[in-house]
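What follows is the residue order along each chain.
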Amino acid sequence: MNTPASIPPPFKNGGTCRDTPVLKERGQREVFCGLTGIIWLHRKMQDAFFLVIGSRTCAHLLQSAAGVMIFAEPRFGTAILEETDLAGMADAHEELDREVARLLSRRPDIKQLFLVGSCPSEVIKLDLTRAAERLTVEHAPHVRVLNYSGSGIETTFTQGEDACLASMVPVLPSTDQRELMLVGALPDVVEDQAVSLLTQMGIGPIRVLPAPRASDTPGVGPNTVFACLQPFLGDTAAALTRRGATMISAPFPFGEEGTTLWLRAIADEFGVDDETFDRVTAAPRARARKAIANASAALQGKTIFFMPDSQLEIPLARFLTRECGMEAIEIGQPFIHKGLVGPDLDLMPAGPTISEGQDVDKQLDRVRAARPDLTVCGLGLANPLEAEGLTTKWAIELVFTPVHFYEQAGDLAGLFSRPIRRRALLKLEAAE
Ligand code: SF4
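Since the model is a prediction, treat every value here as computed from it, not as a measurement. (Residues numbered from 1 in each chain as written. Predicted model: local features only at pLDDT ≥ 70, side-chain atom pairs only at ≥ 80, totals over all residues. Heavy atoms only, no water.)

Notes on the overall build of the protein
Move 1: In terms of helices and strands, the protein carries 17 helices and 14 strands.
Move 2: The globule rule puts the C-alpha radius of gyration for 432 residues at 22 Å, and the 22 Å found for the protein is close to it.
Move 3: Taken over the C-alpha atoms alone, the protein extends approximately 60 × 55 × 40 Å along its principal axes.
Move 4: For the protein, the proportion of its 432 residues judged to be buried stands at 55%.
Move 5: Considering only intrachain contacts with a sequence separation of at least 6, the fraction spanning at least 24 residues in the protein is 75%.
Move 6: As presented, the protein carries roughly 18400 Å² of accessible surface, and 54% of it is formed by carbon and sulfur atoms.
Move 7: The averaged location of the 55 negative side-chain charges in the protein is 3 Å from the averaged location of its 43 positive side-chain charges. (Helix = DSSP H or I, 4+ residues; strand = E, 2+ residues; numbered from the N terminus. Rg over C-alpha atoms; globule rule 2.2 N^0.38 Å. Buried < 20%, exposed > 50% of the residue type's maximum accessible area, 1.4 Å probe, protein only. Contact = heavy atoms within 4.5 Å. Areas by Shrake-Rupley, 256 points an atom, 1.4 Å probe, with all protein chains shown as cover. Lys, Arg positive; Asp, Glu negative; His and termini not counted. Charge placed at Lys NZ, Arg CZ, Asp CG, Glu CD.)

In structure tokens:
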């Protein structure tokens, strides 16, 4: 028998993490810029091309982040600014037009072209918005040209996806239809699971942003309701709201509880009765609970410290503390958008430090003082912390691995328990 899917009442003693004053820090940061979002966005949007207007540094970043993908003729590239471009900006626009024309004549499969701003293009104030408008006119109706910034000055890691999706919202067609829009680029297999569960409850039509192809682009209007699949989509949510759409607010679909509450919020909006909801979710909920129990044995009673990376930290801490028995010491996010992660904060009793932004040396001092059982951090900090005897989880995997919804709940717990189990095994071997 399922327990009813509803948000638990407020905690008796003290408040929730929503009431916790946020520790805001600025200083040296160890994070990716938003260009990295291109790596998963270009796979999701099958007729889009991402042209970064940047320097060799930007090209190198994409090459190292994409790994072997760069050998598979990916749909992204960098137009590298040369010294001549830096000297006079009128030339840079002409060169950009020439590069785009050459690219589009070689790749007739491209229907959407994103001009992606970088630190260098922003510092020299290259007006990519104007360039996108000019190029849209030039290449209409075959290709639509948009632009957004993925620069390190403007964006951190997953914010690149937010900036990209937000740039699409003003040009989405208008509609008066009552439709559900799922917002966020998830692996197809995970997105299919979500659509299938909602469809089985009789909810529809369901549209997704970003759509796999330009021709499937969803419409938006006053009867559109949307639910975010990712907690880092603040600008996109605001842009959709400006177009008249209404957001369904819910905890994010991580783990059995998170997924159930997320689905329940949408089901409530569409008037799905309890019996239908339970019929559709009972079996996958039971599977998820079992998988989490198996994968989380090593996590029970362990402490965890999140350094800021992707804005997934708060919903993941909620999953780990409530479903895997962990205790959070600090939950750091690059930005905290309470309009999106508020329902997750409501589910955690006050206790952990909630921090926004980073002054990395100060934060490392706090990690060393707390000596958590597990520290979630970027690749640049993981090995140095391991060398100090701390166990780490590379945050990047949480973005590249399918982790949402019921069927992935066990894998998600496994991502955190694996480093703890590995350290215990290595210790055992060393002792033998
Ligand atoms: S956009 Fe900025 S932070 Fe990102 S790779 Fe280019 S120069 Fe570096």
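Structural notes on the sheet that holds strand 8 (residues 225-228)
Move 1: Strand order in this open sheet of 4 strands is 7-6-8-9, and the pairing throughout is parallel. Either end of the sheet is taken by a strand with one partner, and the two such strands are strand 7 (206-209) and strand 9 (246-247).
Move 2: Two elements, strand 8 and strand 9, share 2 bridges in a ladder whose sense is parallel. Paired with F226 across the strands is M247, a residue of strand 9.
Move 3: Contacts from helix 9 (residues 234-242) reach strand 6 (180-183), strand 7, strand 8 and strand 9, with the element oriented near 175° to strand 8.
Move 4: Those strands touched by helix 10 (residues 255-269) are strand 6 and strand 8, and its axis lies near 175° from that of strand 8. (Pairing = 2+ DSSP bridges. Axes fitted to C-alpha atoms, helices over the stretch in contact; angles between N-to-C directions.)

A closer look at the layout of surface pockets
Move 1: In this structure, the largest pocket encloses a volume near 450 Å³.
Move 2: Lining the largest pocket we find 27 residues, and of these W40, R43, V399, F400 and T401 sit closest to its centre.
Move 3: For the lining of the largest pocket, the secondary-structure elements that each account for two or more residues are helix 1 (37-44), helix 2 (56-66) and helix 16 (397-400).
Move 4: Class assignment of the residues belonging to the lining of the largest pocket gives a composition of 19 nonpolar, 4 polar and 4 charged. (1 Å grid on protein atoms, 1.4 Å probe; cavity = no way out; pocket = protein on both sides within 12 Å on 5 of 7 lines; lining within 4 Å. Points joined across faces, edges and corners; volume = space filled by probe spheres on them. Nonpolar A, V, L, I, M, F, W, Y, C, P; charged D, E, K, R; others polar.)

Let's talk about empty space enclosed by the protein
Move 1: Counted by the stated rule, this structure contains 1 cavity of 30 Å³ or more.
Move 2: A volume near 60 Å³ is recorded for the largest cavity.
Move 3: Lining the largest cavity are A227, C228, M247, I248, S249, A250, P251, F252, W262, G339 and L340.
Move 4: Put simply, the parts of the chain that give the lining of the largest cavity at least two residues each are strand 8 and helix 13 (338-346).
Move 5: Class assignment for the residues of the lining of the largest cavity results in 9 nonpolar, 2 polar and no charged.

Some words on unusual backbone geometry
Move 1: At the junction of A140 and P141, the peptide bond is cis and its omega measures out at 0° in the coordinates.
Move 2: As for its placement among the helices and strands, P141 is situated in the loop between helix 6 (128-139) and strand 5 (144-149).
Move 3: Between G204 and P205 the backbone carries a cis peptide bond, its omega angle lying at -10°.
Move 4: Mapped onto the secondary structure, P205 falls in the loop between helix 8 (188-200) and strand 7.
Move 5: Not every positive phi belongs to a glycine, and F157 is a case in point at roughly 45°.
Move 6: As for its placement among the helices and strands, F157 is situated in the loop between strand 5 and helix 7 (159-168).

Quick word on the sheet that holds strand 3 (residues 76-80)
Two orientations exist for strands paired in a sheet by backbone hydrogen bonds: parallel and antiparallel.
Move 1: Across the sheet, which stays open at both edges, the 4 strands sit in the order 3-2-4-5 with parallel pairing between neighbours. Because the sheet does not close on itself, it has two edges, and the strands there are strand 3 and strand 5. Ignoring which end each strand starts from, the neighbouring axes of this sheet average 25° apart.
Move 2: The pairing of strand 2 (residues 48-54) with strand 4 (residues 112-117) spans 6 bridges and is classified as parallel. Within strand 4, the position partnered with L51 by the bridge is L115.
Move 3: Against the sheet, helix 2 engages strand 2 and strand 3, with an angle of about 160° to strand 3.

Side note on the packing of helix 11 (residues 274-295) against helix 17 (residues 409-431)
Move 1: Two elements in contact, helix 11 and helix 17, have axes whose closest approach is 7 Å; the angle formed by their N-to-C orientations is 10°. By the angle class used here, helix 11 and helix 17 are roughly parallel. Crossing of helix 11 against helix 17: the hand is right-handed. Where helix 11 approaches helix 17, its residues A288, A291, I292 and A295 are matched on the opposing element by A409, G410, A413, G414 and S417.
Move 2: Split by residue class, the contact of helix 11 with helix 17 holds 6 nonpolar, 3 polar and no charged. (Parallel < 35°, antiparallel > 145°, perpendicular 65-115°, else oblique. Left-handed = near helix turned anticlockwise from the far one by under 90°.)

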